[in-house]
Structure formats: C-alpha cells, structure tokens
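Descriptive structure summary
What follows is each chain in one-letter form.
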Amino acid sequence: MRLLSGLFVATVLALQSALCVSAAEDPPKQRSKDDPDVRTVPLRTHSLYQPYLDSDLNSRWFDWGGDAVIRADQYIRLTGDRPDQAGWIFSRLPLTATNWEIEFEFKIHGKGNLYGDGMALWITKQRGTTGPVFGSTDNFDGLAIFFDTYKNNRPGVIFPYVMAMMGDGQTSYNHANDGKMQELAGCSARGIRGATIPTKGRLTYFQEHYLQLELQYKEEGVWTTCFNTPNVTIPSVAYLGFSAHCGELSDNHDIVSIATKNLYSAKYGKDKDKQKPVGPNTTKQKKGKKNKQKNANNGGGGWTWFLFKGVLVLGVAVGAYFGWVAYRTQNRRNSRF
C-alpha cells in the first residue's frame, strides 16, 4: 500500500508541474480583432456607401446638416473650400454594440497653401448640432477624434495632428492650444492632407480593454497605428458622426465611405476575458500579414501540450500500478511453495 500511495502522490505532483509549465507557456490571450475567435457582423445602420441616398433622396440611417452636401456618385462633402463653413453627418440610431470597428475613407484637400481647420469623428450622446468644435457641439459627452490641420499653439508638434478626447459633458475643447490639455492620445500625420492614395481610418474599440486608431495615408494597404490606449470607457448609448469646420482658412473635407462592424468572441463571449491588451504606440501592418496565422497557431498550443503530458503521466502511473500488482501476485504464489 505504501508503494501505491507513493505512486498516487507522484502522479498528482507531475500533473501540477505540467499545469504550471502549460500556464507559463500559454499566458492569457489578449483579445484583438485579429484573434481567430473574434467574429464580425456588419452594422448596416451605421455604414454608408455610394450612392448614400435612398430612392426618395433621403438616407434611411443618417441625417446631415449645416453646409454638408451629398454628391451621390463621389462623396459627402462636409465643407467646401470656402471660408466660414461647418457641416456634419450623424447616425439616426445609437451605436449600442459592446465591441466595434469603424473603417472610414475620407479626403482632406484644397487649392491653397494655407488651409484649415479640420474634421472630426464623434461617438457621443449628442448628435446633429452645428457647433464650434470642428463643426459640432462643444461640451460633448463621449469620444471625439480630431483631424486638426491648422496649428494654433502647440510648439514641437507636427501638423496635421490626430488626437482623441474623452468628453464628460462639461469640459470644453481648448482651441488656443489645439486641445493639448484635453488630449487622451494622438499622433502627427504629416501627409494625410492631399494624399495621393485613398486616406482611411480604422477605429477599434473593445469595452474595458482598449481603443485603437489606425491610419492609411502613406501607402495603400499599409496601416500605421496612431494610438492604442487601454482602459477606455465610451458611453453605451452614443451616436456615430462626422463633422468639419472652416474659419478664415478653408479646405474640402469629404467622407467617401463608412463601414461599421460589431465584434464579438465566438469562443469566450463578450465580457469574460478581462485581460487588457496594450499595443505598441506605432506599428505598421500590411494586408495579408502573417499576424493572423500566428495568433491562430498560438491559441491551443499550451493546452495541447498540457493534455499530452497529462496522458503520458497517467499512462506511466497506470503501468507502474499494474506492474506492482503483478509483482505482489507473484510473491504470494512463491510464498505458498
């Protein structure tokens, strides 16, 4: 019996050791839109493509106002290249998805060497109001991404500058220093105005995980990460919108397309994985890159190795047990003679 007890203890210790090694080799997965377990569902209510308008010359899912003009075969022009213009477009329904991705094509361009002021993307409780902050209202509640093309007073910062701001419904955007004190995250994007390729943005949000903005403006198919910020909480009921503003200086600010997707985890559910991923501040990704394949291969390797070692240890233990039984039986037979 002592031998049997020793074998049992050895088996338990071996299994614990295998579990520890497996945990070390396979840390908790960081949720990402490139995760093979993450699925996407297009949100038609928050997407917009040519010709933009329905048969009755209205948009079913979006409203627009101010100086915004829709040219059905090309773009939605928030402002033309004329001074003192402001225009906006906002979704009629709130964006209630827990995790989402918004990919949008836009174009900022004009004829002059002096230009301004810029455009903005909004995920806010307010909607459809012309105002002084890049064409929309100030003291907003929610997220704003500003594409600021005119530098007021931010020494050492290269413009155009793209920055995120989380509004609490009371804090005003400071025009004097280009929102420096209200900045959540941002990056310089020289060349985003007047780019020779389609300029795009991709905003990804995983609730209680991270907010990430990627930009395409240097080379088609190449995405540069502007920022990846953890611990961001956006209002659960907020409207998607875009706006632009021109003062004494002007520019064309066009929206070409908006594609919004709901992201969800088919394996773990939306809210069970609480690991907070923090990505690098600046990365580049090309279409067809092998990151997706790498993430897929890393998913089950640790657990497969753990199960293999567990089965191996159990097999050794069972073999030792039957060997001990045979040995004991043989001794009993010998003792009779």
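Remember, predicted model here, so these are calculated numbers, not experimental data. (Residues numbered from 1 in each chain as written. Predicted model: local features only at pLDDT ≥ 70, side-chain atom pairs only at ≥ 80, totals over all residues. Heavy atoms only, no water.)

Attention now moves to the overall build of the protein. In terms of regular secondary structure, the protein is built from three helices and 17 strands. With 337 residues in all, the protein has 45% of them scored as buried. The contacts in the protein between residues at least 6 apart in sequence include a share of 69% that link residues at least 24 apart. Total accessible area computed for the protein in this model is approximately 17700 Å², and 53% of it derives from carbon and sulfur atoms. (Helix = DSSP H or I, 4+ residues; strand = E, 2+ residues; numbered from the N terminus. Buried < 20%, exposed > 50% of the residue type's maximum accessible area, 1.4 Å probe, protein only. Contact = heavy atoms within 4.5 Å. Areas by Shrake-Rupley, 256 points an atom, 1.4 Å probe, with all protein chains shown as cover.)

Within the secondary structure, D148 is located in strand β9 (residues 141-148). Although D148 is buried, it forms no salt bridge, and the closest oppositely charged side chain is R154 at an N-O distance of 7.2 Å. Within polar-contact distance, the side chain of D148 engages the backbone nitrogen of Y150 at 3.2 Å. Setting aside residues no more than four positions away along its own chain, D148 makes contact with D117, F134, F159, P160, Y161, Y173 and D178. (Lys, Arg positive; Asp, Glu negative; His and termini not counted. Salt bridge = Lys/Arg side-chain N within 4 Å of Asp/Glu carboxyl O. Polar contact = N/O pair within 3.5 Å; in protein donor to acceptor, adjacent residues only side chain to side chain.)

Enumeration over the complete set of coordinates arrives at one disulfide. Across a sulfur-sulfur distance of 2.1 Å, C187 and C226 are joined as a disulfide pair. Since a negative S-S torsion denotes a left-handed disulfide, the C187-C226 link at about -110° is left-handed. One end of the pair, C187, is in strand β11 (residues 185-188); the other, C226, is in strand β14 (residues 222-230), with 39 residues separating them in the sequence. In this pair, the class of C187 matches that of C226, namely buried. (Disulfide = S-S within 2.5 Å.)

On to the packing of aromatic side chains, then. Where two aromatic rings form a pair, the distance of their centres and the angle of their planes describe that pair. Within this structure, the stated rule accounts for 14 aromatic pairs. Following the ring pairs from residue to residue traces out a cluster consisting of W122, F134, F140, F146 and Y173. The aromatic ring of Y161 is capped on one face by R154, whose charged end is 5.0 Å from the ring centroid. Looking at R202, its charged tip hangs above the ring of W223, at a distance of 4.0 Å from the centre. (Phe/Tyr/Trp six-rings, centres within 6.5 Å; stacked < 30°, edge-to-face > 60°. Lys NZ or Arg CZ within 6 Å of the ring centre and 35° of its normal.)

When you line up the elements, N228 lands in strand β14. By relative accessible area, N228 is classed as buried at 10%. In terms of polar contacts, N228 uses its side chain to reach the side chain of Q212, at 2.7 Å.

As a further point, take unusual backbone geometry. Omega for the peptide link from Q50 to P51 comes to 10°, which places this bond in the cis form. Along the chain, P51 falls in the loop between β1 (38-42) and β2 (62-66). The peptide bond linking G116 to D117 adopts the cis configuration, its omega dihedral lying at 0°. Structurally, D117 can be placed in the loop between β6 (99-109) and β7 (118-124). Positive phi values are uncommon outside glycine, yet L57 reaches one of about 65°. Structurally, L57 is set in the loop between β1 and β2. In the Ramachandran plot, N231 falls in the positive-phi region, its phi being about 60° despite a non-glycine side chain.

This part covers the sheet that holds β2. Pairing in this open sheet of seven strands is antiparallel, and the strands run β2-β5-β15-β7-β9-β10-β11 from one edge to the other. What marks the edges here is a single partner per strand, and that holds for β2 and β11. Sheet twist, expressed as the average angle between the axes of neighbouring strands with direction ignored, equals 15°. Bridge count for strand β10 (residues 161-168) against β11 is four bridges, and the pairing is antiparallel. Looking at the pairing, Y161 lines up with S188 of β11. (Pairing = 2+ DSSP bridges. Axes fitted to C-alpha atoms, helices over the stretch in contact; angles between N-to-C directions.)

Counting buried residues in β10 gives six out of eight residues, a clear majority hidden from the surface. As judged from the eight bridges shared by β9 and β10, these two strands associate in the antiparallel manner. Bridging across to β10, F147 finds its partner in V162.

Among the nonpolar cores identified, the biggest contains 44 residues, and W100, I123, I145, F147, V162, L215 and F242 are the most heavily contacted of them. When residues in this core are grouped by element, the largest group, five residues, is from β6. If you look at the next biggest cluster of nonpolar residues, it comprises 16 residues, including F90, A120, F140 and M165. (Core = buried A, V, L, I, M, F, W, Y, C linked by side-chain atoms within 4.5 Å.)

Before going further, it helps to spend a moment on empty space enclosed by the protein. A probe matching the size of a water molecule, rolled over the atoms, marks out where space remains unfilled. Under the counting rule described, the total for this entry stands at two cavities of 30 Å³ or more. A volume near 30 Å³ is recorded for the second largest cavity. As for the second largest cavity, its lining consists of D148, R154, F159, Y161, M163, Y173 and D178. Each residue belonging to the lining of the second largest cavity can be placed in one class, and the counts come to four nonpolar, no polar and three charged. (1 Å grid on protein atoms, 1.4 Å probe; cavity = no way out; pocket = protein on both sides within 12 Å on 5 of 7 lines; lining within 4 Å. Points joined across faces, edges and corners; volume = space filled by probe spheres on them. Nonpolar A, V, L, I, M, F, W, Y, C, P; charged D, E, K, R; others polar.)

Turning next to the pattern of salt bridges. In this structure the tally under the stated criterion is nine salt bridges. Across the pair D63 and R92 runs a salt bridge, and its minimum N-O distance is 2.7 Å. Of the two residues, D63 sits in strand β2 while R92 sits in the loop between β5 (85-91) and β6, which places them 29 residues apart along the sequence. Exposure remark for D63: the relative accessible area of 23% places this residue in the partly exposed category. A salt bridge links R71 to D73, with the shortest nitrogen-to-oxygen separation between them at 3.3 Å. Residue classification places R71 among the partly exposed positions, given a relative accessible area of 41%. Judged by relative accessible area, D73 falls into the partly exposed class, the value being 48%. Each member of the salt-bridge network shares a partner with another, and the members are D63, R92 and R127.

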